[in-house]
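# Overview (structure and organization)
Now for the letters of each chain:
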Amino acid sequence: MTEIFGVPTQALFGQLLIGLINGSFYALLSLGLAVIFGLLNIINFTHGAQYMMGAFVAWFLLNKAGMGYWWALAVAPIAVGAFGVIIERTMLKQLYKLDHLYGLLLTFGLALIIQGLFRNEYGSSGLPYSIPSQLQGGQNLGFMFLPNYRAWVIVFSLAVCLSTWFVIEKTKLGSYLRAATENPELVRAFGINVPRMITLTYGFGVGLAALAGVMAAPIYSVNPLMGADLIIVVFAVVVIGGMGSIMGSIVTGFGLGIIEGLTKVFYPEASNTVIFIIMAIVLMFRPAGLFGTPR
Amino acid sequence: MAAAVLPAQRRAEIGPQRLAFAVMLAFFVLGPLAMYPVFLMKVMCFALFACAFNLLIGFVGLLSFGHAMFLGTAGYVCAYTAKVWGLTPELAILAGTAAAGVLGIVTGLLAIRRQGIYFAMITLALAQMIYFFYLQTPFTGGEDGIQAVPRGKLFGLIDLSNVWAMYATVLAIFLGGFLLIYRTIHSPFGQVLKAIRENEARATSLGYDVDRYKLAAYVLSATLSGLAGATNALVFQLAALNNVHWGMSGEVVLMTLVGGLGTIYGPVVGALVVLAMENYLATLGFWVTIAQGAIFVVCVLAFRRGIIGELARLIRKPL
């Protein structure tokens, strides 16, 4: 068996693959957080719970309605996004005039409620969700075995991230969005319905989290607490990348996933903490984040 | 007395605050007649923890979402030094408190580099790192924690396994910490902190080194949280992972929010309310978490002043 730095290539590429998968989820989640923060000035602590809800909607659809993975991929983001819209309309809307911290506290409370309700109903152990039949099996690449589903997750998340980047940076709709981030009053004066844009943006960010949840369901089991610790890592990713740049979120998400995967190979004891350590180092040398601008 | 040189406004505030202090003192002195002393000791530990947390959010405007790391660190160090090194309780508590202070310096230097929402995310992430560290490192006993910590003899004389000796010790520590925070808030140093909270740029332009003030407040808050955590570990003779978990960081935010952000007595009332609720709901599984979440939502949407904040508004005096 071939080895690189004394590590079997199989293990190395296996962990790299897991790193890329985790990186896809970091990218999707931090992208959603960044888009929401840009327009609402709120850090959405419910993001992890909404990711979990996406996975649960997929599980419900399969077990209660007989609708498979592909349906879930479309329905879950819309359903959870609609739930997000209701939260924004009924609660978050009231907080825009206040200190940003209240948004964080409110969404933290909502996350506790949602995770508590799901735990009461389904316990803390995971529910299984199988890989769709079209994506079972895998390819032997010679140096490693690549399961089809994992390849799909990486390619699809990358496609979603890049489309989001394209819409925000290169289209008319995106230019309204960026303008509203800079100066909402002025954009309103041009006759654009900014409150509706804010609502839909929140729904979209939440939908991205739910989409990540659906994709995670076959890899990690569907579990009420699957998003609880993940959201803290994603916060660290956001601090490292800085929330100013969409592409920055994507690159940081994937990059940190890979670094975490490599840490699992070379120094497994630190694999849980490596992202936090990187955050500390980045704070020392570039406090505004790798892609952020100080303000 | 000093009251003669105080501004008139401050003199008018002192009356209700003295009364509030008397009520609080009477509650904790007479409380054991009606409630379990261990429960009240827990309330005092967490009241001190919440007061220390409130020093930061209420008077400097910094929301730390990682304060459990100080509570937990001090608990582990206190438990370890008392059990393995055989230190007397006062030295073990000092060791735990000092450890939390050192952790406060290290994390504070990093966290104060960003403001507002980023500060909250950074402290949360740093606390999660500390959590994983304690989960893996051998001295904490991992999932089991450090159990059967001896309470020992205070100054080598007073046996703290006697519940009333322990109660008096905890009461003294709580009052000491509380008065220190009270004194800090009303000192010139505290006035500068409030100026930073209200308008950081203006405080800078007046020549104050804002970062140094923030760091000092952060370290003081961390140290006093550590004092609470170390005492708590001796009361329960246990140091465990749940005191370092992000859930605990959220709980102290909740206590302070319920009682009233930026009030003096709010965190004490908040700690009592939240812990009493947990006690009653303890048998109902995850309903505790759901109830906590619901209180967060209600407080943020409709009750932002908190219990003591509303009371203070009624009598138009700060409490």
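Let us look at the structure shown here.

Of the regular secondary structure elements, chain A holds eleven helices and four strands. For 295 residues, the compact-globule estimate of 2.2 N^0.38 gives 19 Å, and chain A sits close to it at 19 Å. Relative to its full complement of 295 residues, chain A shows a buried share of 55%. Pairs at least 24 apart in sequence give 78% of the contacts found in chain A among residues at least 6 apart. With an accessible surface of roughly 12400 Å², chain A has 66% of that area assigned to carbon and sulfur atoms. For chain A, the centre of its 14 positive side-chain charges and the centre of its 10 negative side-chain charges are spaced 11 Å apart.

Residues and elements named next belong to chain A. Mapped onto the elements of the fold, Thr164 is located in helix H5 (residues 148-170). Residue classification places Thr164 among the buried positions, given a relative accessible area of 6%. Those residues in contact with Thr164 that lie beyond four places of it in its chain are Leu31 and Phe204.

Before going further, it helps to spend a moment on the interface of chain A and chain B. Contact residues are listed per partner, giving 45 residues for chain A and 38 residues for chain B. Taking both partners together, chain A and chain B bury about 3900 Å²; carbon and sulfur atoms supply 79% of that area. Connecting chain A to chain B are zero salt bridges. Summed over the shared surface of chain A and chain B, the result is six residue pairs in polar contact (both at pLDDT 80 or more). Those elements that provide at least two residues to the side of chain A that touches chain B are helix H4 (100-122), helix H9 (230-241) and helix H11 (274-285) of chain A. Class assignment for the residues of the side of chain A that touches chain B results in 31 nonpolar, eleven polar and three charged.

Another aspect to go through is helix H2 (residues 37-59) of chain B. Residue and element names in this part refer to chain B. With 23 residues, H2 should cover 33 Å at 1.5 Å per step; its first-to-last C-alpha distance of 31 Å lies within 8% of that length. Most pronounced at Phe53, the bend in H2 amounts to some 30°. Counting buried positions along H2 yields 21 of 23 residues, so the element is predominantly enclosed. Gly61, located one to two residues past H2, shows a positive phi value of around 80°.

With that settled, the discussion passes to the pattern of salt bridges. Taken as a whole, this structure holds five salt bridges over all chains when the rule is applied. Here Glu88 of chain A ties to Arg89 of chain A by a salt bridge, and the two come within 3.2 Å at their closest N and O atoms. Via salt bridges that share partners, Arg305, Glu310 and Arg313 of chain B belong to a single interconnected network.

In this approach the atoms are scanned with a rolling probe the size of a water molecule, which exposes any empty space left behind. If you add up the space inside the second largest pocket, you get close to 960 Å³. Residue lining of the second largest pocket: 35 residues in total, with Asn242, His245, Gly247, Met248 and Glu251 of chain B positioned closest to the centre. When contributions to the lining of the second largest pocket are tallied by element, the ones reaching two or more residues are H4 of chain A together with H2, helix H5 (116-136), helix H9 (210-236), helix H10 (246-259), helix H11 (266-281) and helix H12 (287-302) of chain B. The greatest single-element share of the lining of the second largest pocket, amounting to six residues, is contributed by H10 of chain B. The class makeup of the residues in the lining of the second largest pocket is 18 nonpolar, eleven polar and six charged.

Right, let's talk about the packing of aromatic side chains for a bit. Two numbers describe a pair of aromatic rings. These are the distance of the centres and the angle of the planes. Residues and elements named next belong to chain A. Here the structure, examined in full by the defined rule, presents 38 aromatic pairs over all chains. Ring plane angle 50° and centroid distance 4.7 Å describe the contact between Phe56 and Phe118, whose orientation is recorded as tilted. One end of the pair, Phe56, is in helix H2 (residues 47-64); the other, Phe118, is in helix H4, with 62 residues separating them in the sequence. Exposure class is identical for Phe56 and Phe118. Each is buried.

This paragraph deals with the side chain of Thr123 of chain B. Residues and elements named next belong to chain B. Mapped onto the elements of the fold, Thr123 is located in helix H5. The exposure class of Thr123 is buried, given its relative accessible area of 0%. At a separation of 2.9 Å, a polar atom in the side chain of Thr123 contacts the main-chain carbonyl oxygen of Phe119. Other than its neighbours up to four places away in sequence, Thr123 contacts Leu63, Ser64, Phe65, Gly66, Met69, Ala111 and Tyr218.

Definitions and limits used
Residues numbered from 1 in each chain as written. Chains lettered and ligands numbered in written order. Predicted model: local features only at pLDDT ≥ 70, side-chain atom pairs only at ≥ 80, totals over all residues. Heavy atoms only, no water. Helix = DSSP H or I, 4+ residues; strand = E, 2+ residues; numbered from the N terminus. Rg over C-alpha atoms; globule rule 2.2 N^0.38 Å. Buried < 20%, exposed > 50% of the residue type's maximum accessible area, 1.4 Å probe, protein only. Contact = heavy atoms within 4.5 Å. Areas by Shrake-Rupley, 256 points an atom, 1.4 Å probe, with all protein chains shown as cover. Lys, Arg positive; Asp, Glu negative; His and termini not counted. Charge placed at Lys NZ, Arg CZ, Asp CG, Glu CD. Buried area = accessible area lost by both parts, 1.4 Å probe. Salt bridge = Lys/Arg side-chain N within 4 Å of Asp/Glu carboxyl O. Polar contact = N/O pair within 3.5 Å; in protein donor to acceptor, adjacent residues only side chain to side chain. Nonpolar A, V, L, I, M, F, W, Y, C, P; charged D, E, K, R; others polar. Expected span 1.5 Å × (residues − 1). Bend = angle between axes of the 7 residues up to and from the residue. 1 Å grid on protein atoms, 1.4 Å probe; cavity = no way out; pocket = protein on both sides within 12 Å on 5 of 7 lines; lining within 4 Å. Points joined across faces, edges and corners; volume = space filled by probe spheres on them. Phe/Tyr/Trp six-rings, centres within 6.5 Å; stacked < 30°, edge-to-face > 60°.

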